[in-house]
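Structure assessment
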Amino acid sequence: SKRANFLVQGLLSRVGDVLKIDATYKISSKTKTQGISAKGILTVTNGEGYCVFLALLYRHEEPEEIVHHLEQLKPIYDHIGRSPKLIYVDNCCSSGLKGPLEQLFPGVKVKLDAFHW
């Protein structure tokens, strides 16, 4: 449909060379799906601050769950023929995301977000 194509084109124009991955755990306790309380909310924004991905997390700070969600971005980047060059995360070293992100997006640089030290 025209609307679906419009939405897909909008999303494709929003993914960028720079991404910021953040998870918040404060407000998520108020969120439930199918009777299960979420433990966190994962957001991925581009370099301009537009949200390009949003997901509920059901385990607290589990890198595998976060990477599982981020794998959904890979086909979008493959479709447009590019990959992110830089990803900021909130605890890249201790959260265990650096290696999996470098595998998911070869050549990407993973850096600690300046607001999470």
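Our structure is the block above this text.
Residues numbered from 1 in each chain as written. Predicted model: local features only at pLDDT ≥ 70, side-chain atom pairs only at ≥ 80, totals over all residues. Heavy atoms only, no water.

If you trace the backbone, Leu104 turns up in helix α4 (residues 98-104). We classify Leu104 as buried; its relative accessible area is 14%. The spatial distance from the C-alpha of Leu104 to the C-alpha of Glu71 is 7.2 Å, given a sequence separation of 33 residues. Beyond its immediate stretch of four places on either side in the chain, Leu104 contacts Leu70, Glu71 and Lys74. (Helix = DSSP H or I, 4+ residues; strand = E, 2+ residues; numbered from the N terminus. Buried < 20%, exposed > 50% of the residue type's maximum accessible area, 1.4 Å probe, protein only. Contact = heavy atoms within 4.5 Å.)

Ile21, Val44, Leu70, Leu73, Ile87 and Leu101 are the most contacted members of the largest nonpolar core, which has 24 residues in total. For this core, the secondary structure elements donating two or more residues are β1 (18-24), β4 (40-46), β5 (51-57), α2 (63-70), α3 (74-80), β6 (86-89) and α4. With four residues, the single largest contributor to this core is β5. Dropping the residues within four chain positions of it, Leu70 is found in contact with Ile21, Leu42, Val44, Leu101 and Leu104. (Core = buried A, V, L, I, M, F, W, Y, C linked by side-chain atoms within 4.5 Å.)

Moving on to the pairing of β5. In this sheet, β5 lies alongside β4 in antiparallel orientation, the contact comprising six bridges. Pairing of Val44 across the sheet is with Phe53, part of β5. In sequence, β4 turns back onto β5 through a hairpin of four residues, with Gly49 there showing a positive phi of about 90°. (Pairing = 2+ DSSP bridges.)

Inspection of the secondary structure assignment puts Asn46 in strand β4. A polar atom in the side chain of Asn46 sits 2.9 Å from the backbone nitrogen of Glu48. Setting aside its immediate chain neighbours within four residues, Asn46 contacts Arg14, Gly16, Val18, Leu19 and Val52. (Polar contact = N/O pair within 3.5 Å; in protein donor to acceptor, adjacent residues only side chain to side chain.)

Right, let's get into the pattern of salt bridges. Inspection of the entire model under this criterion finds six salt bridges. We note a salt bridge from Lys85 to Asp17, for which the minimum N-O separation is 4.0 Å. Taken together, the residues span a long stretch of sequence, with Lys85 in the loop between α3 and β6 and Asp17 in the loop between α1 (2-14) and β1 at a distance of 68 residues. When its relative accessible area of 32% is taken as the criterion, Asp17 is described as partly exposed. The salt bridge partner of Lys74 is Asp78, with a shortest N-O separation of 3.3 Å. Of the two residues, Lys74 and Asp78 are both situated in helix α3; the distance of four residues between them amounts to about one turn of the helix. With relative accessibility at 24%, the residue Lys74 sits in the partly exposed group. The structure contains a network of salt bridges with shared partners spanning Asp17, Arg82 and Lys85. (Salt bridge = Lys/Arg side-chain N within 4 Å of Asp/Glu carboxyl O.)

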